[in-house]
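Observations on the three-dimensional arrangement
Listed below are the residues making up each chain.
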Amino acid sequence: MSGSSSVVVLAVALTASLAVAGCGVDGDSTAATASAPFVTYATVPSQTTPADTVGESPSATVPVSAESVRFASFVSDLNSPVDLAWRTGDPALYVVLQGGTIVSVRNGVAGPVVLDLSNSITSGAEQGLLGLAFHPSKSLAYVDFTNRDGDTVVVEYAVAEDGMFDPSSARDVLTIDQPYANHNGGNLAFGPDGYLYIGTGDGGSANDPQRRALNVSTLLGKILRIDPIAAGEQPYTVPIDNPFTDVAGARPEVWSAGLRNPWRFSFDSTTGDLWIGDVGQGAWEEVDLARAVDGGGRGTNFGWSAFEGTHRLNADQATDGVTMPIFEYQHGDAGCSVSGGAVYRGASLSQLDGWYVASDYCSGIVTALHAPDGELTAAVQLGTINGVSAIRAGPDGELYVLSLNDNAVYRLAPA
């Protein structure tokens, strides 16, 4: 996508706070210069530099409205759900609970705990068991959590036919030191290429104090791309077409950079496009789009912390090569912490096909974005849910809304 073509702005007037995703209520932080070398993006295709102004909000062009959908109760009595995943050939949905457990849900009924890491993690605020992804072709699952030291760990487990995780099979894939307790990322997703994508926050505090997000010599503030299968003594391998494999000083795992806290991202099951909800600092929330036809985020610089949304932030950070968000909104009535979502590809709401649906933890507003060919044409509010932590797609393309505060999961359904 060419960066600054269409950005929607929602005006506001109220602030709030967030537990998991990490909104812009981090407190003050003195600006710092880069503590590690900045690796330029000259080796990857250039992106559009952001414009100084933001376009007006487009109007809806297709019949999607709050009156056309409802949030049907799917499952309740789940303690702080933050993620949902499924595996091929299994009718169950697997719900991740921040406190350290994963629960299987079949036909809207919570089943057994299939994995319990509650004694191995640090939980609360923005820490805990944060992400889950099943391997698309192997009986393996990957989880992302903050360990007892507060560091990010990605661990592989063998999964039995009945969906139970084998604790004895645990294998550490990747560990990332976390300098602060916030901005841990935590999203895991297998892309259309079969590789594992890992979302990492910028390390925390506020205003990216060590300027990590645009520094590709560190794994923080990025989306990483690896093959998580062990190869000999190597816990994972790096695909040879990753953008920084031949860049001196860069971490080859880096796929995209310039992210503050990509709490939830997802791939469109039809197009392969990568959608990212990147949590803002103190004023602006953003949704980013990396179209598959343009490389799907390969080597893309999403701008943090040179920019917060489309707005200049740290003056010492370079502005060249930035891909701007497709959608942003200001803190206030619209919210204060974006909870990224998914593109609808189900059958029950045909009018919503191809729309990306996301929310905000603070306001609970659920918004659908229409962006055919990467150009935003509509942003429609569908309603509100209390404390949305994520919106995920099931195997049939239907969407599920996770409420951290309601301890429940809802399903988008026809009104």
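Rules used throughout
- Residues numbered from 1 in each chain as written.
- Predicted model: local features only at pLDDT ≥ 70, side-chain atom pairs only at ≥ 80, totals over all residues.
- Heavy atoms only, no water.
- Disulfide = S-S within 2.5 Å.
- Helix = DSSP H or I, 4+ residues; strand = E, 2+ residues; numbered from the N terminus.
- Buried < 20%, exposed > 50% of the residue type's maximum accessible area, 1.4 Å probe, protein only.
- Pairing = 2+ DSSP bridges.
- Axes fitted to C-alpha atoms, helices over the stretch in contact; angles between N-to-C directions.
- Phe/Tyr/Trp six-rings, centres within 6.5 Å; stacked < 30°, edge-to-face > 60°.
- pLDDT = per-residue confidence, 0-100.
- Contact = heavy atoms within 4.5 Å.

The next point concerns the state of the cysteines. Enumeration according to the criterion identifies one disulfide in this entry. Residue cysteine 336 pairs covalently with cysteine 362 via a disulfide, S to S 2.0 Å. Here the S-S torsion is close to -40°, and the disulfide linking cysteine 336 with cysteine 362 is therefore left-handed. Within this pair, whereas cysteine 336 is found in the loop between β19 (327-330) and β20 (338-343), its partner cysteine 362 is found in the loop between β21 (356-360) and β22 (365-370), the two being separated by 26 residues in sequence. Overall, cysteine 362 belongs to the partly exposed group, its relative accessible area being 22%.

Time to look at the sheet that holds strand β10 (residues 188-190). Strands sit in the order β10-β11-β12-β13 across an open sheet of four strands; the sheet is antiparallel. A strand with exactly one partner marks an edge of an open sheet, and here the two such strands are β10 and β13 (254-256). On average, adjacent strands in this sheet sit at an angle of 30° to one another, irrespective of strand direction. Bridge analysis of β10 against strand β11 (residues 196-199) gives three bridges, and the strand direction is antiparallel. When the bridges of β11 are listed, leucine 188 appears paired with isoleucine 198.

Inspection of every chain in the model, using the stated rule, returns nine aromatic pairs. Between tyrosine 197 and phenylalanine 267, the aromatic rings sit 4.9 Å apart at their centres with planes inclined by 65°, giving edge-to-face as the arrangement. Linking tyrosine 197 in strand β11 with phenylalanine 267 in strand β14 (residues 264-267), this pair joins segments that are 70 residues apart in sequence. Phenylalanine 267 matches tyrosine 197 in its accessibility class, with the two residues each being buried. Seen from their ring centres, tryptophan 275 and tyrosine 356 are 4.4 Å apart, and the 10° between their planes marks the pair as stacked.

Bringing unusual backbone geometry into the picture now. In this structure, serine 305 follows tryptophan 304 across a cis peptide bond, with omega equal to 10°. Residue placement: serine 305 occurs in the loop between β16 (284-290) and β17 (307-308). Of note, aspartate 77 is a non-glycine position whose phi angle comes to about 60°, a positive value. Note that aspartate 77 resides in the loop between β1 (69-75) and β2 (81-85). Phi at aspartate 373 takes a positive value of approximately 60°, unusual for a residue other than glycine.

In this section: the confidence of the model for the chain. Of the residues in the chain, 85% have a pLDDT of 70 or more, and the chain-wide mean is 88. Throughout residues 1-18 the model reports pLDDT below 50, and contacts reaching past four residues in sequence, or to other chains, amount to 74 contacts. For the stretch residues 27-61, pLDDT sits under 50, and the model shows 75 contacts to residues farther than four places along the chain or on other chains.

Looking now at the sheet that holds β16. Taken in spatial order, the four strands of this open sheet run β14-β15-β16-β19, and their pairing is antiparallel. In this open sheet, the two strands that pair with only one neighbour each are β14 and β19. Looking at each pair of strands side by side, their axes are set apart by 10° on average, direction ignored. Direction of pairing for strand β15 (residues 274-278) relative to β16: antiparallel, over a ladder of five bridges. Its bridge partner lying in β16, aspartate 278 is registered against glutamate 286.

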